[in-house]
Amino acid sequence: QVQLVESGGGLVQAGGSLRLSCAASGNILRIYAMAWYRQAPGKQRELVASILNGGSTNYADSVKGRFTISRDNAKNTVYLQMNSLAPEDTAVYYCNARISTTTNYSAMDHWGKGTLVTVSS
């Protein structure tokens, strides 16, 4: 079993910052890509940022220059530093990781339960 647990969401004023964390645990063999997605009310889930095992990153155009994704492979944790937050960043943020386990060598996608970020104007 693999668990992804997010933390760090909350209420912040426009222009403020938040840092999200997501820790993976369980019978993990290897973690490949890790990513953050978000889903705003009435909208589809969208990719915010992703990071490969080697550190290569990718960002949605809407967050480039404001958000930074990073990971600590020793802690099986991915972070999302969010600066200059705007009301349109309000959403539930989900952690995603592609993981192989000691019982399933094929890498599969795993998801956290999400953490709510609310940006007030």
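Residues numbered from 1 in each chain as written. Predicted model: local features only at pLDDT ≥ 70, side-chain atom pairs only at ≥ 80, totals over all residues. Heavy atoms only, no water.

This part is about the overall build of the protein. Along its length, the protein carries zero helices and eleven strands. Counting from the amino terminus, the protein carries its helices and strands in the arrangement β-β-β-β-β-β-β-β-β-β-β. Relative to its length of 121 residues, the protein is compact, with a C-alpha radius of gyration of 14 Å against a globular reference of 14 Å. Reported as C-alpha extents along the three principal axes, the dimensions of the protein are approximately 45 × 25 × 25 Å. (Helix = DSSP H or I, 4+ residues; strand = E, 2+ residues; numbered from the N terminus. Rg over C-alpha atoms; globule rule 2.2 N^0.38 Å.)

Now for the nonpolar core. Counting residues in hydrophobic clusters, the biggest one holds 31 residues, and the most contacted among them are Trp36, Leu80, Met82 and Tyr93. Elements with a contribution of two residues or more to this core: β1 (2-7), β3 (18-26), β4 (28-39), β5 (46-51), β7 (67-72), β8 (77-82), β9 (91-101) and β11 (115-120). Sorting elements by how many residues they give to this core places β9 first, with five residues. Setting aside its immediate chain neighbours within four residues, Leu80 contacts Leu18, Arg19, Leu20, Trp36, Val48, Ala49, Phe67, Thr68, Ile69 and Tyr93. (Core = buried A, V, L, I, M, F, W, Y, C linked by side-chain atoms within 4.5 Å. Buried < 20%, exposed > 50% of the residue type's maximum accessible area, 1.4 Å probe, protein only. Contact = heavy atoms within 4.5 Å.)

A separate point is the side chain of Asp89. Looking at the secondary structure, you find Asp89 in the loop between β8 and β9. With a relative accessible area of 0%, Asp89 lands in the buried category. Residues in contact with Asp89, not counting those within four places in the same chain, are Arg38, Arg66, Phe67, Ser84, Val117 and Val119.

Throughout the structure, instances matching the rule amount to five salt bridges. Put simply, Arg38 and Glu46 hold a salt bridge, and the shortest N to O gap is 2.7 Å. Accessibility expressed as a relative area gives 7% for Arg38, which makes it buried. Asp109 serves as the salt-bridge partner of Arg98, at 3.2 Å between the closest nitrogen and oxygen. In this pair, Arg98 is assigned in strand β9 and Asp109 in strand β10 (residues 108-111), connecting sequence segments eleven residues apart. The exposure class assigned to Arg98 is partly exposed, which follows from its relative accessible area of 35%. Three or more residues are tied together by salt bridges with common partners; here these are Arg38, Glu46, Arg66 and Asp89. (Salt bridge = Lys/Arg side-chain N within 4 Å of Asp/Glu carboxyl O.)

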